[in-house]
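Descriptive analysis of the structure
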Amino acid sequence: MSANKRKNLNAMEEDLESGSDSETSSDNEDDGPHPEAYTGNEEVQIDFEGRSPTDPDCHGISQLLQRVFLKAHINTMQMADMIIAQNFVGSVICQCEADGMESDADDDMCEDGTIFGITTALNITAKKDVPCIEQFRSFIVQKAEKHAPDAVLKHFRDVLGNEARPIGYLINERFINIPAQISVPLLENLYKEINVAKQKGMPFNFVYFLMVIKFYRKEAKKGKPREDTYTNAEEELIAEKAVNSFEYSVADECDMGMSGDWLEGDATLTPFRKVVLFDAKNLPELIFDIQKYVNGQ
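Residues numbered from 1 in each chain as written. Predicted model: local features only at pLDDT ≥ 70, side-chain atom pairs only at ≥ 80, totals over all residues. Heavy atoms only, no water.

1. Some details on helix 2 (residues 76-85)
What counts, and what does not: A simple rule labels every residue: compare its accessible area, found with a 1.4 Å probe on the protein chains alone, to the largest value its type can have, and call it buried under 20%, exposed over 50%, or partly exposed in between. We count a stretch as a helix when DSSP gives it H or I for four or more residues in a row; a strand needs E for two or more, and each element gets its number in order from the N terminus. Contacts: residue pairs with any heavy atoms within 4.5 Å of one another. Under this definition, polar contacts are N or O atom pairs within 3.5 Å; protein pairs additionally need one hydrogen-donor-capable and one acceptor-capable atom, and for neighbouring residues in sequence, both atoms have to be side-chain atoms.
Among all positions in helix 2, only Thr76, Met79, Ala80, Met82, Ile83 and Ile84 are buried. On its buried face, helix 2 is in contact with helix 1 (58-69), strand 6 (117-123), helix 4 (131-147) and strand 7 (167-174). For helix 2, the N-terminal cap is asparagine 75; the gap from its side-chain oxygen to the backbone nitrogen of methionine 77 is 3.2 Å.

This is how it looks when you write it as structure tokens:
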């Protein structure tokens, strides 16, 4: 497919948080809230579209990947280059080009060319010798050794070591507070594009998908149970379908903006990552479940 293909995404209202960008300046810290600080009530209208990744998207994709891996030694620029090189599979989320006065308001929110999200899959079995994929695979095993039960660790090692059963690293990253509705057309397109690639004999015949999911945890307190909040809401459904998973805290690697302490009165939320493994053949069923979820069914 052409690198210039367009995938239609529904326009929707987004609550974009000023604290969602890890590069937000903290030079003007005061004792009290800034009079223009985000209070959780602002709302803007932005139209998004999905398209194939192109060379200028490399830095934006890399930044989204960095939000997953934080301080891990993984070359996210090289991984972004890999994503762009296989641009017949996967989509980036960007702002639609708008006409008229509304675009001026949107321009105040973001710079031209901002990449708001990426949905794609990388073959981490066939590409295991590429340095960034080798780093990623080692990272997963090291985290499993430290945080997973023995049986889960063994399963991850066995799966990663079996070259006859390819694994796809499913990437589903986007800015905070872009709602789950947008994931449905992106995942549907990804599934279709993977099938087209398989029909052409390309190495996308995955047996498993592996994901690294971001979520926040509010610990049990005063009789209230522990509560987990997923950054991308649809990924809670994916985690429930996992054949195996483990999780780990990244509290020591995050600043306050990423750890969830955004609004006055917020409870302390601890940032976590959950590494999940699920059967690739279940992706259509998961997309169907996500669609029911976003439609409130």
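That was the structure; now back to the text.
2. Some thoughts on the environment of isoleucine 178
As for its position among the elements, isoleucine 178 is in the loop between strand 7 and helix 6 (183-199). Remark: the alpha-carbon pair of isoleucine 178 and threonine 231, spanning 53 residues in sequence, is separated by 9.6 Å.

3. Concerning the packing of aromatic side chains
Just so we agree on the cut-off: Between 30 and 60 degrees the pair is tilted, below 30 it is stacked and above 60 it is edge-to-face, where a pair is any two Phe, Tyr or Trp rings, Trp via its six-membered ring, whose centres lie within 6.5 Å. Here, a charge over a ring is recorded when the distance from Lys NZ or Arg CZ to the ring centre is within 6 Å and its angle to the ring normal is within 35 degrees.
Here the structure, examined in full by the defined rule, presents 15 aromatic pairs. Between phenylalanine 69 and tyrosine 169, the ring centres sit 6.4 Å apart and the planes meet at 40°, which makes this aromatic pair tilted. In this pair, phenylalanine 69 is assigned in helix 1 and tyrosine 169 in strand 7, connecting sequence segments 100 residues apart. Here phenylalanine 69 and tyrosine 169 have matching classes, each one buried. Taken together, Phe69, Phe136, Phe139, Phe156, Tyr169, Phe246 and Tyr248 form an aromatic cluster joined through their ring pairs. Over the aromatic face of phenylalanine 175 sits the side chain of arginine 67, whose NZ or CZ is 5.0 Å from the ring centroid. Over the ring of phenylalanine 272 we find arginine 217; its NZ or CZ atom is 4.6 Å from the centre of that ring.

4. Brief notes about the environment of valine 212
Within the secondary structure, valine 212 is located in strand 8 (residues 208-218). Residues valine 212 and glutamate 235 lie 23 residues apart in sequence; the distance between their C-alpha atoms is 9.8 Å. Every residue in contact with valine 212, bar those within four places of it in the chain, is listed here: Val68, Phe136, Ile140, Tyr169, Glu173, Tyr248, Arg273, Lys274 and Val275.

5. Describing the nonpolar core
General note: in soluble globular proteins, nonpolar side chains tend to be found buried as a group. Applicable threshold: By nonpolar core is meant a set of buried Ala, Val, Leu, Ile, Met, Phe, Trp, Tyr and Cys residues that side-chain atoms within 4.5 Å join together.
One finds Met79, Phe136, Tyr169 and Leu210 to be the most contacted residues of the largest nonpolar core, which totals 50 residues. Membership of the second largest hydrophobic core comes to 28 residues, among which are Phe209, Leu237, Phe272 and Leu283.

6. Points about unusual backbone geometry
Excluding glycine, residues mostly have negative phi values, and the peptide bonds linking residues are mostly trans. If you check the backbone angles, leucine 70 has positive phi at about 55° while not being a glycine. Looking at the secondary structure, you find leucine 70 in the loop between helix 1 and helix 2.

7. Re the side chain of glutamate 173
Within the secondary structure layout, glutamate 173 lies in strand 7. The class for glutamate 173 is buried, based on a relative accessible area of 4%. A distance of 2.3 Å separates polar atoms of two side chains, one belonging to glutamate 173 and the other to lysine 214. Beyond its immediate sequence surroundings of up to four residues, glutamate 173 is in contact with Leu64, Val68, Phe116, Gly117, Ile118, Val212, Lys214 and Asn232.

8. Some details on the packing of helix 1 against helix 2
Convention followed: Here an axis means a line fitted to C-alpha atoms, over the contact stretch when the element is a helix, while the angle between two N-to-C directions is reported on a 0 to 180 degree scale. Roughly parallel here means an angle under 35 degrees, roughly antiparallel means over 145, roughly perpendicular means 65 to 115, and every remaining angle is called oblique. Rotating anticlockwise by less than a right angle from the far helix to the near helix defines a left-handed crossing, while the corresponding clockwise rotation defines a right-handed one.
Where helix 1 meets helix 2, the closest approach of the two axes is 8 Å, and the angle between their N-to-C directions is 125°. As far as their axial angle goes, helix 2 and helix 1 are oblique. The crossing of helix 1 and helix 2 is right-handed. Only Thr76, Met77, Met79, Ala80, Asp81, Ile83 and Ile84 of helix 2 make contact with helix 1, whose side of the interface consists of Cys58, His59, Ile61, Ser62, Leu65, Gln66 and Phe69.

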